[in-house]
Every structure is written in C-alpha cells, then in structure tokens.
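Structural overview for review
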Amino acid sequence: KLKYDYKALEPYIDEMTMDIHYNKHHGAYTNNLNNAIAGTSIEALPIEEILRGVSKHSPAIRNNGGGFFNHNLFWEIMSPNGGGKPNGELLKGIEKFFGSFDEFKTKFAAAGVGRFGSGWAWLLIHEGKLTISSTPNQDNPLMDVAEIKGTPILGVDVWEHAYYLKYQNKRPDYLTAIWNVINWNKVAERFEAA
Ligand code: MN3
C-alpha cells in the first residue's frame, strides 16, 4: 500500500498520474506477475531472487516481475516530506563518486533523459561503487540480463505514464521536479543495507 495520498506529491507529481500509475500500471504488473508464477516452483521465492535469475524465466516474469519490484521501490523512495539533500555516508559517497550532489543530479537526469523510449534511471551499488545507470522497459540492475548489475538504491520511472499528464513531452522537467519528493532517508537506508 502507498504510504501517502495520491495527491500528496503535488505539485511535482499530480494526483491523477499517481492514481493511474499506482492502481492501473503497478496493479497490472502485480496481478500479471502473480498469475505468471502461480503454481510454479518460484512462487514462494523473494522477488529479488527471481529477478537475479530472470534469464531463465518467461518474458512475462521479466516484464511484470521487474514492474512489480521497480514500482515498489519507486513508491518507497518518494515522500511528501522529501527533497533537500542526502546526508551522512550517502552524501559522502555521492561526493566521492560524482564530485558533488549537483553533479550527481545532472548525471542522473542525463541517464533518464537519455533512455530512449521507456525505462528507468538508477543509482546503484555496482562492484562496491555508487554508479548511475539506466535500463529499458521494466528491467533493473538486479537482473542477470542487466548491462550494469548491482543493488539499486534509487530508481526513477521514465516511462511516459509517469509524467505525461503534467509534463507532456518534457521529460527533463519531470526529472528536475522529482528531486523535491525524493525521500533521502529511505535511499540512505537502502545504501547502508547494500
Ligand atoms: Mn511506471
């Protein structure tokens, strides 16, 4: 369940986008994943484990399993009380690997803008380093098919369904606005756990 209202991320993400995104898009990935694994040997596995071996499974599991995991992460790393800057070890890490928080934001947005078509932008731990990547469709860095593999700690949806009602074709504007709702405490928790 979402921990905030559909309208809680206004004006950066509008209520109708959140409602449709959560109930229709995320809801469909979740139902389709459940249907795809029902009665199979992987039904009881944690989603992370399914994704790490996703090349062995059907496209339905790759697409909907990715969609299920990615959206759960996305809802969690946003908050109406978000924005600002990370602190502590996460900020130190960002400064170490990207130069500064502002440079990190520029590089992350470039990864999101540069993803042709639909996909995600990621901040992940890859071989012990904070790294930015992007993936197509509902792929993510946990998957054995990912170009850059690792543990995602921040993921931003750059499918048009995530921003089109408010931002239309202006994906860069959405990727500028999103920093106002990023829950850095949650990203820091994932960073420390990874
Ligand atoms: Mn989405």
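Residues numbered from 1 in each chain as written. Predicted model: local features only at pLDDT ≥ 70, side-chain atom pairs only at ≥ 80, totals over all residues. Heavy atoms only, no water.

As for the overall build of the protein chain
Helices and strands together make up the secondary structure of the protein chain, namely 8 helices and 3 strands. Element order for the protein chain, N to C, with α for helix and β for strand: α-α-α-α-α-β-β-β-α-α-α. Taken against the 2.2 N^0.38 rule, which gives 16 Å for 194 residues, the C-alpha radius of gyration of the protein chain at 16 Å falls within 12% of a compact globule. With the C-alpha coordinates of the protein chain rotated into their principal frame, the extents come out at 45 × 40 × 30 Å. Scored against the burial criterion, the 194 residues of the protein chain give a buried share of 48%. Restricting the contact set of the protein chain to residue pairs at least 6 apart, pairs at least 24 apart contribute 66%. (Helix = DSSP H or I, 4+ residues; strand = E, 2+ residues; numbered from the N terminus. Rg over C-alpha atoms; globule rule 2.2 N^0.38 Å. Buried < 20%, exposed > 50% of the residue type's maximum accessible area, 1.4 Å probe, protein only. Contact = heavy atoms within 4.5 Å.)

Thoughts on the sheet that holds strand β3 (residues 151-157)
Here we have 3 strands laid out as an open sheet, ordered β2-β1-β3, and antiparallel in their pairing. Each edge of the open sheet is held by one strand with a lone partner, namely β2 (129-136) and β3. Strand after strand, the sheet turns through a mean of 20° between neighbouring axes, direction not considered. Bridge count between strand β1 (residues 119-126) and β3: 6 bridges; the pairing is antiparallel. (Pairing = 2+ DSSP bridges. Axes fitted to C-alpha atoms, helices over the stretch in contact; angles between N-to-C directions.)

Notes on the packing of aromatic side chains
Under the definition given, this model contains 15 aromatic pairs. Taken together, a centroid distance of 6.4 Å and an interplanar angle of 45° make the contact between Tyr-6 and Tyr-22 tilted. On the criterion of sequence distance, the pair formed by Tyr-6 in the segment before α1 (15-37) and Tyr-22 in helix α1 is long-range, its members being 16 residues apart. On the basis of relative accessibility, which here comes to 13%, the residue Tyr-22 falls in the buried class. (Phe/Tyr/Trp six-rings, centres within 6.5 Å; stacked < 30°, edge-to-face > 60°.)

What about the coordination of the manganese ion?
At 1.9 to 2.1 Å from the manganese ion lie its protein donor atoms, namely His-21 (NE2), His-71 (NE2), Asp-157 (OD) and His-161 (NE2). If you list the donors of the manganese ion from N- to C-terminus, the spacing comes out as H-x49-H-x85-D-x3-H. On the criterion of sequence distance, the pair formed by His-21 in helix α1 and His-161 in the loop between β3 and α6 (164-167) is long-range, its members being 140 residues apart. The pair formed by His-21 and His-161 is uniform in burial state, with each residue classed as buried. (Donors = N, O, S within 2.8 Å, 3.2 Å for Na, K, Ca; no water.)

Digging into a nonpolar patch on the surface
Taken together, the side chains of Met-16, Ile-20 and Leu-165 define a hydrophobic patch exposed on the protein surface, amounting to about 280 Å² of accessible area. Summarising the element assignment, Ile-20 is placed in helix α1. (Patch = residues over 30% accessible without salt bridge, like charges linked within 9 Å, V, L, I, M, F, W, Y side chains within 5 Å. Areas by Shrake-Rupley, 256 points an atom, 1.4 Å probe, with all protein chains shown as cover. Salt bridge = Lys/Arg side-chain N within 4 Å of Asp/Glu carboxyl O.)

Section: helix α4 (residues 88-98)
Every buried residue belonging to α4 is among Leu-90, Leu-91, Gly-93, Ile-94 and Phe-98, and all of these are buried. Along α4, the residues classed as buried sweep out an arc of 160° about the axis, all on the same side. Relative to its buried face, α4 has exposed residues pointing more than 90 degrees away, namely Lys-92 and Lys-96. Contacts made by the buried residues of α4 are with α5 (101-114), β1, β2, β3 and α8 (184-193). Positive phi shows up at Gly-99, right after α4, with a value of about 95°. (Arc of directions from axis to C-beta.)

As for the environment of Tyr-12
Tracing the sequence through the fold places Tyr-12 in the segment before α1. In this structure, Tyr-12 is in contact with Lys-166, Tyr-167, Ala-177, Asn-180 and Val-181, ignoring residues within four places of it in sequence.

Regarding the side chain of Gln-138
Tracing the sequence through the fold places Gln-138 in the loop between β2 and β3. With residues up to four places along the chain from it excluded, the contact list for Gln-138 reads Tyr-29, Arg-62, Asn-63, Gly-66, Gly-67, Asn-70, His-71, Trp-120, Met-143 and Trp-159.

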